[in-house]
Amino acid sequence: MGPPSSSGFYVSRAVALLLAALAAALLLALAVLAALYGRCARVQPSDLHHSGVPDAASSPRGTQEEQLPTWPPRPTREPAGTATPGHWRPPGPWDQLRLPPWLVPLHYEVELWPRLRPNEFQSPTLSFTGRVNITVRCTAATARLLLHSLFLDCESAEVRGPLSSGPRDGAVGRVPVDDVWFAFDMQYMVLELGATLQPGSRYELQLSFSGLVYRDLREGLFFSIYTDQGERRALLASQMEPTFARSVFPCFDEPALKATFNITIIHHPSYGALSNMPKLGQSEKRDVNGSVWTVTTFSTTPHMPTYLVALAICDYDHVSRTERGQEIRIWARKDAIANGNAAFALNITGPIFSFLEDLFNISYPLPKTDIIALPTFDNSAMENWGLLIFDESLLLMQPNDQVTDKKAVISFILSHEIGHQWFGNLVTMNWWNDIWLKEGFASYFEFGVINYFNPKFRRNEVFFSNILHHVLSEDHALVSRAVALKVENFTETSEINELFDLFTYNKGASLARMLSSFLNENVFISALKSYLKTFSYSTAEQDDLWRHFQMVIDDQSKILLPAPVKSIMDRWTHQSGFPVITLNVSTGAMKQEPFYLGKVKNQTLLTHNDTWIVPILWIKNGITQSLVWLDKSSKIFPEMQVSDSDHDWVILNLNMTGYYRVNYDKVGWKKLKQQLEKDPKAIPVIHRLQMIDDAFSLSKNNYVEIETALDLTKYLAEEDEIIVWYAVLVNLVTKDLVFDVNNYDMYPLLKKYLLKRLISIWNMYSTVIRENVAALQDDYLALVALEKLFETACWLGLEDCLQLSRELFKNWTNHPENEIPYPIKSVVLCYGVAFGSDEEWDFLLNMYSNKTKEEERIQLTYAMSCSKDPWILHRYLEYAVTAAPFTFNETNIMEVVAESEVGRYIVKDFLINNWQAVSERYGTQSLVNLMYIIGRTISTDLQITELQQFFGNMLEEHQKLTVRAKLQTIKNKNLENKKRNARMTAWLWKNT
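In the nomenclature of an unreviewed UniProt entry, the protein chain is known as Aminopeptidase of Puma concolor. The Sequence similarities (unreviewed entry) comment attached to the protein chain in UniProt states, word for word, "Belongs to the peptidase M1 family."

Now the structure itself:
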């Protein structure tokens, strides 16, 4: 929810200047107070030298914090290094994102004491105190120490040493600490020393600190409120990745700076405490008020980075089992454990560990694994060594999860996080620019794990559905980013958080898969074994990985590559985008070019002039051919020429293992179209899927004509694979097409064309839904694709679809225990409301009030927007803006309703008299979003002007400057779509 808007109030220039002056004075006063407050309390203040250094600095975390506003807001203090009266600091190492290499951490003794008490968690924050002793080795003489610290108040700071190499004794000297200050921009605590540390010597930094724990922030330490056994309860947990350990304890918060950790947690006796390692012991201590607290200590961790430190304080139950001597426990709400919700995850966790141990020939090094299910956890899951943290919706099975993809989702995510125990935990990337080394490989091995336990699992099609389709849709030359980035490209901490994206996970996994395909699985795994063994408990860079692949390749003679592995793979990891490979089947000529969004004629490679070294696995007439390489911009492959025979055809990119799209000349596409119409089963499913997806994507971006893609759909009456149908429907029946009423001329033609071909696949799945819906449980691709098939059949007016939807909706409203099958529930709810009255709408509202799971509440809020009655939608908007009778906080109701068929007109009308209330409820940015949603079909400058005039008084000045350019982009896109739709309509006329 955005901040309240100030739009709508007129302020004269004189008053504005007066207010600005007052604001500046207020900021200056706050800065002075912050500086006084932020000074670090020292044990011996008389020893300190006040050198005009800016004091403790802290402020919200840039863009990350803007996305996650907290209340109350974090304290804002003067950033160190800014020019303020009496405070100035010249440029120095505190201006750099990377720590200077003066100190290497060896061991941490961390004690944390969050003040979490039962029944005392009404406040949005709670306090914590802590102590950390860090043993470091000095590598360069220095009288200044830098380490990370953020949002922490320093209570004391001492430096002991040099430490002797023998047993610890009391004769160790102390290094004077003259001053402690904070450099906000790069999140450093700086210790100014009265003596110089000596290279080769070891020292111990002793720091005491305090801070705040925020409710549901999920950065560093956070606490959550939940309901269990009919009571409201609280728990506390941690999320240190990527750079949040520094907000829990001062530390050297970079992945390469691995150390061992001894962790102590002080907690209320009614809670239990978990951390990375097994519990070592427990004792008691009393606070100043005489209250008893439990002190739990844990065994020493292996060498690991700070981002893997983990802890949880909770009142949970657990289930456990032993796998190869290792204890595995899953912790969850007591109700969930009692109901057996953790059984599925528990049963597969051990075997996944064993499979990966055997695959890599490296045993899991910790004596136990705890997995805790939090009621909500925005990061989905985190791989902390010994204490994995999950959102419970991704770990626990509910009784009504039988006909869902929940088992597959749990299996995927568990496999991913367990894969990190080797990729990330055992071997860590040297810095975040190589994060794909852990996330890409963990994502890739999800599929190997699941395929091992489910041999019938359709690995290629599921990889396409889950991974490849999404990243190919977003990746393109010039605009997207490379997988591996240069360290010098990073200047701010916030940029690290942005790396957890589609390219790191999906493109990383796709490149690992491609590498495996052009080698072979044995060579691939052998190289990874060597890499993991060599860098265990250490860190590695991308070049280290390539070196181990090259070593394995050099030790054999069967696989011959056109260039070293590094030369091949660096082009894929260091360049953005991917190539389009075009084959002329008449001549065998093949060329590559970067994939551009909206390619224009004669587009050159001036701005993207590198080629890729492309592995080409291919089939001819259904027979797999030998691997060839396209290692320059173009090349002739005579063996790929086809004859005039109807039986001669070629498909490039076997199993879609290459990270590229494929185009053919007109003859090549015609040959494939003819084969589909003659005998589609002669072409494997993955390649029917590939042809549809590539052809539509290439046509949308001007590489081939739209008619080429449409020609491939003529055979669809014979297509019985629902995932192929899914690829067709997401490309043909788009959101823009459904939303734009101007497509009335195409609709009847498309309806006739599709229904004629769709009826067979519809009959197959409608029968399953009516007679044995449980049979879908083991058909992952059907669970993924069925909603789009059902939605399209009903949108096209297929009477059987509408009737089935009515039956399922009525059965559910009469007997709510008869759940609507999950894969089609959203569609059924929407049509139930659309064809119903206020009675059906009110029923959903009542169901909403009784649901506690956010996912179910969001589903119901979207369904309620499907009504076609203007007065019902208007009432819905009133409810949303006034937050009565319900707050509807799960999503923005205004935007949801505006997305619906009738709703955009209702929202526009509603805004005339209520725009200020909407702005206060959802923020002014929501008004901009509504402008784009309402105007998504504009195609003339007049419409842009009208829309700007309508929203003119509602927007702030800076927003008005940007919206016209965005609306112009929407208009241009729609004009392109109109041309495309006109050609589609003409094609449908000819082929219907």
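Now, onward.
Participant: Let's hear about the packing of aromatic side chains: which residues, and what values?
Facilitator: Within a pair of aromatic rings, the relevant descriptors are the distance that separates the centres and the angle that separates the planes. Counted by the stated rule, this structure contains 52 aromatic pairs. Aromatic pair Tyr452 and Phe453: ring centres 5.1 Å apart, planes at 85°, arrangement edge-to-face. The exposure class of Phe453 is partly exposed, given its relative accessible area of 36%. An angle of 75° between the planes, with centres 4.9 Å apart, marks the rings of Phe518 and Trp629 as edge-to-face. One end of the pair, Phe518, is in helix 9 (residues 502-518); the other, Trp629, is in strand 28 (residues 628-630), with 111 residues separating them in the sequence. Exposure remark for Trp629: the relative accessible area of 9% places this residue in the buried category. Cation over ring: Arg857 sits above Tyr848, and NZ or CZ is 4.1 Å from the ring centre. The residue whose ring lies beneath Arg936 is Phe739, and the NZ or CZ to ring-centre distance is 4.4 Å.

Participant: So, the packing of helix 11 (residues 542-554) against helix 12 (residues 565-574): which residues are in play, and what are the values?
Facilitator: How two helices pack is summed up by the angle between their axes together with the distance between the axes. Taken N-terminus to C-terminus, the directions of helix 11 and helix 12 make an angle of 145°; their axes are 9 Å apart at the nearest point. Of the two possible hands of crossing, helix 11 and helix 12 adopt the one that is right-handed. Residues Gln542, Asp543, Trp546, Phe549, Gln550 and Ile553 of helix 11 form the contact with helix 12, whose own contacting residues are Val565, Lys566, Met569, Asp570, Thr573 and His574. For the contact of helix 11 with helix 12, the class distribution of residues is 5 nonpolar, 4 polar and 3 charged.

Participant: Residues and numbers for the packing of helix 7 (residues 459-474) against helix 9, please.
Facilitator: Where helix 7 meets helix 9, the axes come as close as 9 Å, and the angle between the chain directions of the two elements is 125°. Taken as axis vectors, helix 7 and helix 9 run oblique relative to one another. Considering the relative orientation of helix 7 and helix 9, their crossing is left-handed. Contact residues: Asn460, Phe463, Asn466, Ile467, Leu468, His470, Val471 and Glu474 in helix 7; Leu502, Phe503, Asn506, Lys507, Ala509, Ser510 and Arg513 in helix 9. Considering only residue class, the contact of helix 7 with helix 9 consists of 7 nonpolar, 5 polar and 3 charged.

Participant: How would you summarise the pairing of strand 18 (residues 368-374) if you had to cite specific residues and measurements?
Facilitator: By the criterion of burial, strand 18 is predominantly enclosed, with 7 of the 7 residues buried. The alternating pattern of strand 18 places Lys368, Asp370, Ile372 and Leu374 on one face and Thr369, Ile371 and Ala373 on the opposite face, and all of these are buried. Where strand 17 (residues 326-332) and strand 18 come together, 5 bridges link them in parallel fashion. Within the sheet, the bridge partner assigned to Ile328 lies in strand 18 and is Thr369. Bridge count for strand 18 against strand 20 (residues 387-391) is 5 bridges, and the pairing is parallel. Counted as the bridge partner of Ile372 is Ile389 from strand 20.

Participant: Residue-level account of the pattern of salt bridges, with values.
Facilitator: Following the criterion strictly, the structure yields 53 salt bridges and no others. Asp736 is the salt-bridge partner of Arg936, the closest N and O atoms lying 3.1 Å from each other. One end of the pair, Arg936, is in the loop between helix 27 (924-934) and helix 28 (941-951); the other, Asp736, is in helix 17 (residues 735-739), and 200 residues separate them in sequence. Judged by relative accessible area, Arg936 falls into the buried class, the value being 16%. One connected set of salt bridges, linked through shared partners, spans Asp228, Glu231, Arg233, Asp315 and Lys334.

Participant: Before we move on, could you go through the pairing of strand 13 (residues 279-286) and cite the residues and values that matter?
Facilitator: Counting buried positions along strand 13 gives 0 out of 8 residues, so the element sits mostly on the surface. Bridge analysis of strand 13 against strand 14 (residues 292-298) gives 7 bridges, and the strand direction is antiparallel. Its bridge partner lying in strand 14, Arg286 is registered against Val292. Hairpin connection, strand 13 to strand 14: the antiparallel pair is bridged by 5 residues, and Gly290 has positive phi, about 90°.

Participant: Break down the state of the cysteines for me, citing the residues and quoting the values.
Facilitator: As used in these notes, a disulfide is a covalent bond between sulfur atoms, one from each of two cysteines. Under the defined criterion, the tally for this structure stands at 2 disulfides. At a sulfur-sulfur separation of 2.0 Å, the disulfide partner of Cys794 is Cys801. What sets the handedness of the Cys794 and Cys801 disulfide is the S-S torsion sign, and at about -90° it is left-handed. Disulfide pairing places Cys830 opposite Cys866 at an S-S distance of 2.0 Å. What sets the handedness of the Cys830 and Cys866 disulfide is the S-S torsion sign, and at about -105° it is left-handed. On the criterion of sequence distance, the pair formed by Cys830 in helix 21 (residues 825-834) and Cys866 in the loop between helix 23 (854-864) and helix 24 (870-882) is long-range, its members being 36 residues apart. The exposure class assigned to Cys830 is partly exposed, which follows from its relative accessible area of 23%. Along the protein chain, the cysteines engaged in disulfide bonds are linked according to the scheme 1-2, 3-4 when indexed in sequence order.

Thresholds, definitions, all that
Residues numbered from 1 in each chain as written. Predicted model: local features only at pLDDT ≥ 70, side-chain atom pairs only at ≥ 80, totals over all residues. Heavy atoms only, no water. UniProt positions renumbered as here; feature names shortened; annotations may be inferred. Phe/Tyr/Trp six-rings, centres within 6.5 Å; stacked < 30°, edge-to-face > 60°. Buried < 20%, exposed > 50% of the residue type's maximum accessible area, 1.4 Å probe, protein only. Helix = DSSP H or I, 4+ residues; strand = E, 2+ residues; numbered from the N terminus. Lys NZ or Arg CZ within 6 Å of the ring centre and 35° of its normal. Axes fitted to C-alpha atoms, helices over the stretch in contact; angles between N-to-C directions. Left-handed = near helix turned anticlockwise from the far one by under 90°. Contact = heavy atoms within 4.5 Å. Nonpolar A, V, L, I, M, F, W, Y, C, P; charged D, E, K, R; others polar. Parallel < 35°, antiparallel > 145°, perpendicular 65-115°, else oblique. Pairing = 2+ DSSP bridges. Salt bridge = Lys/Arg side-chain N within 4 Å of Asp/Glu carboxyl O. Disulfide = S-S within 2.5 Å.

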